[in-house]
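Architecture at a glance
Listed here are the chains, written in short residue letters.
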Amino acid sequence: MSQPETWKEKLAADQVLPDLAREIDIYEQQMELRKQGKIDEKVFAETRLRRGVYGQRYDNGQRHDGTRVQKLKLPSGGLTKGPETVWDAPGMMRIKIPFGGLNPEQMEVLADLSEEYSDGVSHVTTRQDIQYHYVHIEDTPSLMRRLAAVGITTREACGNVVRNVTACPLAGVCRDEVFDVTPYAKACSRFLLGHPDTQDFGRKFKIAFSGCKDNACGLVTMHDMGAIARSKVVNGKEKRGFELYVGGGLGPVPHKAKLFDEFVPEEELLPMAQAVSRVFARLGEKRNRARARIKFLIANLGIEEFRRLVLEERAKLPSDLRWTEYLSWAHEYKEAPLKPAASRNGGERPEGFDRWYATNVYQQRQSGYVAATVALPLGDVTADQFRALASIARRFVKDTVRTTVEQNILFRWLSEADLPEFYKAVQAIDLGEPDAGTIVDVTACPGTDTCKLGIASSRGLARELHYRLSEKSLELDAAVKNLRIKVSGCFNSCGQHHIADIGFYGINRNVNGYQVPHFQVVLGGKLKDNAGEYGVAVGAVPSKRIPEAVERITERYVRDREKDESFQDFVRRIGKKEIKQVLDDLTKIPSHDAAPSYYADWGDPREFTLEDLGTGECAGEVITQAEFTLAASERELFEAHLFLDDGELVKAARTAYWSMVRAAQALVKIQNHDVSEDEAQILAEFRCRFCDTQVFYDKYAGSKFADYLFKAKDFVHNGSEVTRDRAIQLVQEAQLFIDAAHACHNKLRSTASATRSAASPSGMASAGEG
């Protein structure tokens, strides 16, 4: 019986861009090499992370059942896809959606994939991405190909690279924006994706764009690099540019971004981003991941010195057409509505419409059009709902849909006259909830549901808060209703708790020998002014008493605030000591026998435990470019074997030779990170740095393995006939050369490690940040 057709075979050649198709083929080959044990698990972990394939809770093959840790029965046979990460354990897939932009065809494919490969749910993240959970790694190449066929990539959705480039979801329709930042966000995302200068970071790098300064917009100040639209009159003409910020970030220790330049002309945006990337790659911390974000580099150097280094780097960059070729298109860029503008003029008002309209509808700067928010509970949308939303988009707005950092979906360019029918359509699929952008619309990271680092159930708490607050939404004071709540399962701030009026992050406390889930209360963060203020921690409260804490804090605000006093000003005025007194009695924990529910988390019947915590992959392993390039040489040699098996002898010989060149390039990168892809330069530098110095020299074989490379070069370039025996010989020699390159790399790494240890007073690397 014939084998079923694969998705690689089903998708026509013109349905997937050649570069994307090639990337996925390479990733699939890397999977095969890992299964053969030819790629180190750490290298493979970073490889898959850079393709959006992420770990998930319990992927170490064990789970606590409430009494003890139990082994999960998985057929992996000891095969791993990373340290303490079992091959057959379900994982997470992160899908990049630059600036949150989606069209109906993409929405339908996302719906189908969530149903076929995941649990039927697409999760909108706090960075406008889409995530699937419970995905098997063997399914990921097919999933990638089907996404690529509709113009979506998972490349660099995770790992130590430039992550999804976010932007204000109202860009282009915002009443306060200077100009539409959408084309700039799109150009930046494309330019930096896979760029050689972004491949050697010590940690991830996040970028955001904002069209205005005073609103929440793109949350620029909490990003590694953020750009706020500005205009300036130069020589009598209005010129576009950006107020550029660098060095922001949340995490355990939040840093507000520093102003890099008040006005970076639009033509300098991409080269400046490239120069920032190069300085970060060169000087950023690599060994201590806890201090490897760019915010720590800038804190150490100071913004003035960092600025000097970046400008110096910018001056040295060779010109690149991509820096400016998009600009004419950027100025012409305009979204087209599906229907002509028309006001509602009273019109039909279905039941619940007025309440929904008051919170979920934004009047665009284009008269007669509105943007409507579809509030997703906890950022989740089922496959059937997503397909229905695609149909609704086709009916009302075409392709002007965006995901938001609030974990919702925004339909832009709705003709105002269509709002009642639009409301009935989303209401029919149970997505017509009001209160978007209010205290009821709680944001949460995955927490202990799926995250390996989750301490407490952020989604469980968010669900409970949403339920309680929505029940009394109509009774809430306006000042309270406009507050925002964000919840993280741990201190890493994936739920962005620092910038919420009321934020929480999961911790644990040991009480009478029992672990008890708690949340640290963080008050006074500010979404406006592009995340203008970060909140301060005021005390830890047991998880089951957090809803009472919210009630007390908000009631105290309503009762004691001064006229028009913001929540941030109120928190500052009454002070941390007073707030702690408000919450003090809530911190008392009854005995286990008296109140066992305190000792379990929201939505989890098990007694609370930290036994399920795993090794996080948020940062990825810090894998050097040399290690990546060595892995690439192994993959190219694997391709040479495939060509040999298929009888394509010339291709086998050339690919075997190029696998040796790639291994030589890996070694050169240790000493010259900027070595090009030029064959002649690679070979010249390899000869000078490793052959002439006898660094690449075997104790017994001498220069034999290096000779394989140079003889193969002569053979391939002389156009000699490739017999099967000669092709086999080249493949075998390539394997020996690559093995020798690995040995040389390990020797150099050991020497460098010994040198560092000798230089350190304690012989050890400095401790990481808590």
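One can find the structure itself at the top, above this paragraph.
To keep things clear, this report deals only with the structure shown in the data block. (Residues numbered from 1 in each chain as written. Predicted model: local features only at pLDDT ≥ 70, side-chain atom pairs only at ≥ 80, totals over all residues. Heavy atoms only, no water.)

Counting secondary structure elements, the protein contains 23 helices and 24 strands. For the protein, the C-alpha radius of gyration of 28 Å lies close to 27 Å, the compact-globule estimate for 770 residues. When its C-alpha atoms are laid out on the principal axes, the protein stretches across 85 × 65 × 65 Å. Across the 770 residues that make up the protein, the buried fraction comes to 58%. For the protein, the exposed area adds up to about 32,200 Å²; of that, 49% sits on carbon and sulfur atoms. With 104 positive and 110 negative side-chain charges, the protein shows a separation of 3 Å between the mean positions of the two kinds. (Helix = DSSP H or I, 4+ residues; strand = E, 2+ residues; numbered from the N terminus. Rg over C-alpha atoms; globule rule 2.2 N^0.38 Å. Buried < 20%, exposed > 50% of the residue type's maximum accessible area, 1.4 Å probe, protein only. Areas by Shrake-Rupley, 256 points an atom, 1.4 Å probe, with all protein chains shown as cover. Lys, Arg positive; Asp, Glu negative; His and termini not counted. Charge placed at Lys NZ, Arg CZ, Asp CG, Glu CD.)

Taken together, five strands build an open sheet; the order of strands is β20-β21-β22-β23-β24 and the sheet is mixed. Looking along the sheet, the strands with just one partner apiece sit at the ends: β20 (443-444) and β24 (536-542). For strand β21 (residues 485-488) and strand β22 (residues 502-511), the ladder comprises four bridges, and the chain directions are parallel. Across the sheet, I485 pairs through a bridge with I502, a residue of β22. On top of the sheet, helix α18 (residues 567-583) reaches β22, β23 (514-523) and β24; it is set at about 35° to β24, its chief contact. (Pairing = 2+ DSSP bridges. Contact = heavy atoms within 4.5 Å. Axes fitted to C-alpha atoms, helices over the stretch in contact; angles between N-to-C directions.)

The subject of this paragraph is the nonpolar core. Counting residues in hydrophobic clusters, the biggest one holds 65 residues, and the most contacted among them are L389, F411 and F422. Among the elements that line this core, the one with the most residues is helix α12 (residues 383-396), at seven residues. With residues up to four places along the chain from it excluded, the contact list for F422 reads W356, A372, V374, I392, F396, F411 and L414. (Core = buried A, V, L, I, M, F, W, Y, C linked by side-chain atoms within 4.5 Å.)

According to the stated counting rule, one finds zero disulfides in the structure shown. C212 carries a free sulfur, and the closest cysteine sulfur to it, the one in C217, is 3.9 Å from it. On the basis of relative accessible area, C212 is assigned to the buried category, the value being 5%. No disulfide involves C688; its sulfur sits 9.7 Å from that of C691, the nearest cysteine. Among the residues examined, C688 registers a relative accessible area of 47% and is labelled partly exposed. (Disulfide = S-S within 2.5 Å.)

The strand order across the open sheet formed by five strands is β10-β11-β12-β13-β14, and the pairing between neighbours is mixed. Of all strands in the sheet, those bounded by a partner on one side alone are β10 (166-167) and β14 (258-265). By the bridge criterion, five bridges tie strand β13 (residues 237-246) to β14 in an arrangement that is antiparallel. Residue pairing in the sheet places F242 in a bridge with V264 of β14. On top of the sheet, helix α6 (residues 182-192) reaches β10, β11 (207-210) and β13; it is set at about 165° to β11, its chief contact.

Now for helix α2 (residues 18-35). Here α2 is 18 residues long and its end C-alpha atoms lie 26 Å apart, about the 26 Å a rise of 1.5 Å per residue gives. Among the residues of α2, L20, E23, I24, D25, I26, Y27, Q29, Q30, M31, L33 and R34 are the ones counted as buried. Each element contacted by the buried residues of α2 is listed here: α1 (7-10), α3 (41-49), β1 (53-54), β4 (80-82), α5 (140-148) and α19 (625-645). (Expected span 1.5 Å × (residues − 1).)

Quick look at empty space enclosed by the protein now. Inspection of the entire model under this criterion finds six cavities of 30 Å³ or more. In this structure, the second largest cavity encloses a volume near 80 Å³. Looking at the second largest cavity, the residues that line it are L20, E23, I24, R51, M144, A148, I152, T153, T154 and R155. Those elements that provide at least two residues to the lining of the second largest cavity are α2 and α5. Here the lining of the second largest cavity takes three residues from α2, the largest share from any one element. For the lining of the second largest cavity, the class distribution of residues is five nonpolar, two polar and three charged. (1 Å grid on protein atoms, 1.4 Å probe; cavity = no way out; pocket = protein on both sides within 12 Å on 5 of 7 lines; lining within 4 Å. Points joined across faces, edges and corners; volume = space filled by probe spheres on them. Nonpolar A, V, L, I, M, F, W, Y, C, P; charged D, E, K, R; others polar.)

Enumeration according to the criterion identifies 65 salt bridges in this entry. Between R365 and E177 there is a salt bridge, and its shortest N-O distance comes to 3.3 Å. Of the two residues, R365 is situated in the loop between β15 (361-363) and β16 (369-374) and E177 in the loop between β10 and α6; the sequence distance between them amounts to 188 residues. We classify R365 as partly exposed; its relative accessible area is 48%. Across the pair D585 and R552 runs a salt bridge whose closest N-O atoms are separated by 2.4 Å. Linking D585 in the loop between α18 and α19 with R552 in helix α17 (residues 546-560), this pair joins segments that are 33 residues apart in sequence. (Salt bridge = Lys/Arg side-chain N within 4 Å of Asp/Glu carboxyl O.)

Right, let's talk about the pairing of strand β12 (residues 225-234) for a bit. Where a strand is regular, its side chains alternate between the two sheet faces. Two strands pair when backbone bridges link them, and β11 and β12 are joined in this way by four bridges, in the parallel orientation. Bridging across to β12, I207 finds its partner in M225. The loop that links β12 with its antiparallel partner β13 comprises two residues; one of these, N235, has a positive phi angle of about 55°.

It is the contact of α6 with helix α7 (residues 269-283), at a shortest axis distance of 10 Å, that shows an interaxial angle of 45°. As the angle between them shows, α6 and α7 are arranged oblique. Of the two elements, α6 crosses α7, and the hand of that crossing is right-handed. The residues of α7 that touch α6, namely those facing Y184, A187, C188, F191 and L192, are L269, L270, A273, Q274 and S277. Its residues assigned to classes, the contact of α6 with α7 shows eight nonpolar, two polar and no charged. (Parallel < 35°, antiparallel > 145°, perpendicular 65-115°, else oblique. Left-handed = near helix turned anticlockwise from the far one by under 90°.)

The topology assignment puts K316 in helix α9 (residues 303-316). Its relative accessible area of 55% is what places K316 among the exposed residues. When the C-alpha atoms of K316 and R689 are compared, they prove to be 24 Å apart, with 373 residues separating the residues in sequence.

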